[in-house]
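Fold and contact review
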Amino acid sequence: SDPDMIKHVSVSNSKNYDRAQFVRTFIPSTGYGLFSSTGKDHAHQRKMINPAFNYSNLTGMVDVFKDVTTNLVTVSSK
């Protein structure tokens, strides 16, 4: 849940973490998506989705993130 660690594993040092086979074995529905691909495939997929995560796009979703998180916390605490 640490943002710096997530960035370290998924962006900065993704080449050092071969998660593809593990993810495909234990979560087969991921197929060959961003979280189960490696190397050039992973880099290409990250490059394709990167524009969706720019600052201006994310600021418009803060209220949605807040609502979903609040609902999740409420459901989890029951």
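In this report, we go over the structure that sits alongside the text.

Thresholds, definitions, all that
Residues numbered from 1 in each chain as written. Predicted model: local features only at pLDDT ≥ 70, side-chain atom pairs only at ≥ 80, totals over all residues. Heavy atoms only, no water. Helix = DSSP H or I, 4+ residues; strand = E, 2+ residues; numbered from the N terminus. Buried < 20%, exposed > 50% of the residue type's maximum accessible area, 1.4 Å probe, protein only. Contact = heavy atoms within 4.5 Å. Lys, Arg positive; Asp, Glu negative; His and termini not counted. Charge placed at Lys NZ, Arg CZ, Asp CG, Glu CD. Patch = residues over 30% accessible without salt bridge, like charges linked within 9 Å, V, L, I, M, F, W, Y side chains within 5 Å. Areas by Shrake-Rupley, 256 points an atom, 1.4 Å probe, with all protein chains shown as cover. Salt bridge = Lys/Arg side-chain N within 4 Å of Asp/Glu carboxyl O. Polar contact = N/O pair within 3.5 Å; in protein donor to acceptor, adjacent residues only side chain to side chain.

Further remarks concern the overall build of the protein. What the protein contains, in helices and strands, is five helices and zero strands. Dimensions of the protein along its principal axes, counting C-alpha atoms only, are 35 × 35 × 25 Å. Evaluated residue by residue, the protein yields a buried proportion of 10% over its 78 residues. Taking as baseline every contact in the protein between residues at least 6 positions apart, the subset at least 24 positions apart corresponds to 14%. Both charge centroids of the protein, one from 9 positive and one from 6 negative side chains, sit 7 Å from each other.

Turning to a nonpolar patch on the surface, a few remarks are in order. A cluster of nonpolar side chains, Met 61, Val 64, Phe 65 and Val 68, forms an exposed patch at the surface whose accessible area comes to about 360 Å². Examined against the element boundaries, Val 64 turns out to sit in helix α5 (residues 62–76).

The next point concerns the environment of Asn 50. The residue Asn 50 is located in the loop between α3 (39–49) and α4 (55–59) in this model. Sequence separation between Asn 50 and Val 23 is 27 residues, and the spatial gap between their C-alpha atoms is 22 Å.

This part takes up the environment of Ser 56. Examined against the element boundaries, Ser 56 turns out to sit in helix α4. Of the residues examined, Ser 56 reaches a relative accessible area of 52% and is grouped as exposed. Within the local environment of Ser 56, its side chain forms a polar contact with the side chain of Asn 54, the two groups lying 3.0 Å apart.

As a further point, take the environment of Lys 15. Relative to the elements of secondary structure, Lys 15 occurs in the loop between α1 (3–12) and α2 (20–26). Between the C-alpha atom of Lys 15 and that of Arg 46, which follows or precedes it by 31 residues, the distance is 13 Å.

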